[in-house]
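Close look at the chain arrangement
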Amino acid sequence: MIKEKGIKKLTAVLFVFFLFMGFWKSGSYNEIQKIADYLKQDMDQQETDDLVTINMLEKEFANQIWNRKKLINLNGKIARRLHMQGFYSDYGMYVIDGNYVVSPASYTTTDYEYSQTLGLKQFLDENGIHFLYVNEPVKYMDDSIFRKNFGVESYSNRNADMFLARIREEEIPAIDLRNNINSEGRNVKDLFYRTDHHWTTRAGLWATQIIAGGLNEYCGYAIDTSIYDESNYSMTEWKECWLGEQGRKLGVTYVGMEDYTEVKPNFQTNYTFKTSEEGEEGTFDDFIDEEVYYSDNDLYENSWHYSYKQKNCINNDVAYGKVLMLGDSYAQVTQPFLSLGVHEVDSLILRNCKDSFDLKDYIIENGYDTVVICYAQFMIGAHDNPSSANYRMFSFE
């Protein structure tokens with residue numbers, strides 16, 4: 001009896017010791033001040049951008065855990081061995097055949113997105129500015145895969161169907177890239193990375209050709225869309241070289257590493273990048289940070305998708321057009337590619353703008369002839385959740 005109590009006491013002491021060591025080694029004590037700031041902040045008085053949130057604290061704490069990467073890989077190895085495809089559902093991620101990671105979306109009425117888009121269209125019409133909406137797909141075309149495989153519902157495609165139907169009733173020009181996938185007999189899985197929610201560079205080029213066609217059809221452009229044919233581009237491929245954002249949470253031991261293709265035009269380009277008042281001369285190569293490919297590759301830090309940069313630019317080889325692209329991180333590749341056919345292309349990600357930012361003033365001040373919204377369809381409904389990083393993506397007022 002005494003021996004048993006001694007073992008329990010020793011176990012408790014060791015547990016507390018290792019807990020303290022983990023707390024100290026990870027530097028989690030640095031979060032104490034932030035927790036205090038969170039508790040004493042005035043939610044009503046501070047701007048949204050300045051608020052400390054629970055999600056922010058949890059993310060920072062998780063990123064500092066001692067031996068975090070080893071623990072993720074150990075967890076992933078066990079989950080894979082046990083074939084636990086829904087184990088990461090708390091992260092909103094499920095693994096289907098081929099170690100392909102998918103995420104569900106909740107139902108939304110689309111009322112907010114509809115009213116905001118309609119209001120923006122009316123404003124643009126009043127100012128003689130063209131408008132085009134582009135729906136970018138997610139990694140699955142059939143919501144029922146979640147019900148069939150995991151017993152849960154996803155509404156991503158049904159939300160997009162409802163929203164697009166509503167804005168088309170208001171005669172808002174819209175391209176649904178899912179239609180192009182179907183008409184061309186493509187497999188949506190081939191357009192995306194297995195371990196990342198973004199589409200591939202080649203998919204971005206494919207989508208840009210369709211977007212350019214939409215500018216021709218709806219916005220008075222005359223872009224030679226053949227410039228986006230793959231034959232006009234050089235492809236450099238790397239095998240098993242990086243890990244996507246979803247894969248970082250699941251572990252490389254579970255889902256494995258990704259291939260990557262760098263896509264660059266094999267024709268000459270001449271740009272002025274609007275990085276300062278004077279501008280900076282360059283070429284298409286300046287959209288790409290190739291250091292990402294050749295530097296020490298930390299799988300859990302470096303995202304090869306972000307080697308392509310969105311840069312406000314002037315294409316000196318094209319005479320016409322000034323487009324504002326309201327996009328998301330899919331646009332890391334589409335904004336550079338679109339610039340090959342338009343004189344001037346700027347991009348904005350509204351979730352990165354402050355509450356005080358006035359989109360309509362920005363549009364008028366910069367003299368755009370066209371505004372293109374290119375959104376992944378999981379943006380539809382994000383405004384239903386105030387803690388979502390994409391909460392403000394449809395806030396156009």
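In case you missed it, the structure is sitting above this.
Description of the structure in this document. Quick caveat: nothing in here was measured; it's all calculated off a predicted structure. Each chain has its residues counted from 1, running along the sequence as written. Under the rules for a predicted model, residues below a pLDDT of 70 receive no local features and side-chain atom pairs below 80 are neither given nor counted, while totals for whole chains, interfaces and linings still include all residues. To get the side-chain values, take all heavy atoms of the structure and skip hydrogens and water.

Turning next to the sheet that holds strand 4 (residues 174–176). Paired strands, in this sense, are two strands between which DSSP finds at least two bridges. Secondary structure is summarised from DSSP: a helix means a run of H or I of at least four residues, a strand means a run of E of at least two, and numbering begins at the N terminus for each. Sheet architecture is open: 8 strands sit in the order 4-3-12-10-11-9-7-8, paired in mixed fashion. A single partner strand is all that each edge strand has here, and the edge strands are strand 4 and strand 8 (280–282). The average angle at which neighbouring strand axes cross in this sheet is 20°, direction not considered. Here 4 bridges tie strand 10 (residues 322–326) to strand 12 (residues 370–376), and the two strands are oriented parallel to one another. The partner of Leu326 across the bridge, within strand 12, is Ile373. Together, strand 3 (130–136), strand 10 and strand 12 form the strand contacts of helix 5 (residues 111–126), whose direction differs from that of strand 3 by roughly 150°. Throughout, an axis means a line fitted to C-alpha atoms (over the contacting stretch in the case of helices), and angles, computed between N-to-C directions, take values from 0 to 180 degrees. By the convention used here, residues are in contact when the closest approach between their heavy atoms is within 4.5 Å.

By convention here, two paired aromatic rings are described through the distance between centres and the angle between planes. Geometry of aromatic contacts follows a simple scheme: Phe, Tyr and Trp rings, the Trp one being its six-membered ring, pair when their centres are within 6.5 Å, and the pair is stacked under 30 degrees between planes, edge-to-face over 60, tilted otherwise. Enumeration over the complete set of coordinates arrives at 35 aromatic pairs. Measuring from ring centre to ring centre gives 5.3 Å for Tyr133 and Phe163, while their planes differ by 70°; the resulting arrangement is edge-to-face. Taken together, the residues Tyr133 in strand 3 and Phe163 in helix 7 (residues 156–169) connect sequence positions 30 residues apart. Of the two residues examined, Tyr133 and Phe163, each falls in the buried class. On the numbers, 6.1 Å between centres and 85° between planes, the contact of Tyr233 with Phe337 is edge-to-face. With a gap of 104 residues between them, Tyr233 in strand 5 (residues 233–242) and Phe337 in helix 13 (residues 331–338) connect regions that are remote in the sequence. Summarising the burial analysis for this pair, Tyr233 and Phe337 share the class buried. Counting every residue linked through ring pairs, the aromatic cluster contains Tyr233, Phe267, Tyr271, Phe273, Phe284, Phe287, Tyr308 and Phe337. Ring-over charges, as used throughout, are those where CZ of Arg or NZ of Lys falls within 6 Å of the ring centre and within 35 degrees of the ring normal. Over the ring of Phe273 we find Lys311; its NZ or CZ atom is 5.1 Å from the centre of that ring. We call a residue buried when its accessible area falls under 20% of the maximum for its residue type, exposed when it is over 50%, and partly exposed in between, using a 1.4 Å probe and counting protein chains only.

Right, let's talk about the packing of helix 5 against helix 7 for a bit. It is at 10 Å that the axes of helix 5 and helix 7 come closest, and there the two elements cross at 30°. The angle between helix 5 and helix 7 places the two elements in the roughly parallel class. The hand of the helix 5/helix 7 crossing is right-handed. Contact residues: helix 5 offers Asp111, Glu113, Tyr114 and Thr117, while helix 7 offers Phe163, Arg166 and Ile167. Polar here means any residue other than Ala, Val, Leu, Ile, Met, Phe, Trp, Tyr, Cys and Pro, which are nonpolar, and Asp, Glu, Lys and Arg, which are charged; Gly is therefore polar. Tallied by class, residues from the contact of helix 5 with helix 7 come to 3 nonpolar, 1 polar and 3 charged. Comment on the angle field: the value is read as roughly parallel under 35 degrees, roughly antiparallel over 145, roughly perpendicular from 65 to 115, and oblique elsewhere. By definition, turning the near helix anticlockwise from the far helix through less than a right angle yields a left-handed crossing, and turning it clockwise yields a right-handed one.

In this section: the packing of helix 9 (residues 201–219) against helix 13. Remark: helix 9 packs on helix 13, axes separated minimally by 8 Å, with the N-to-C direction vectors making an angle of 50°. One finds that helix 9 runs oblique with respect to helix 13. Here the hand of the crossing between helix 9 and helix 13 comes out right-handed. For the pair helix 9 and helix 13, contact is made by Thr201, Gly204, Leu205, Thr208, Ile211 and Leu215 and by Val333, Thr334, Phe337 and Leu338, respectively.

Everything listed here is a matter of coordinates, which is why it stays silent on function.
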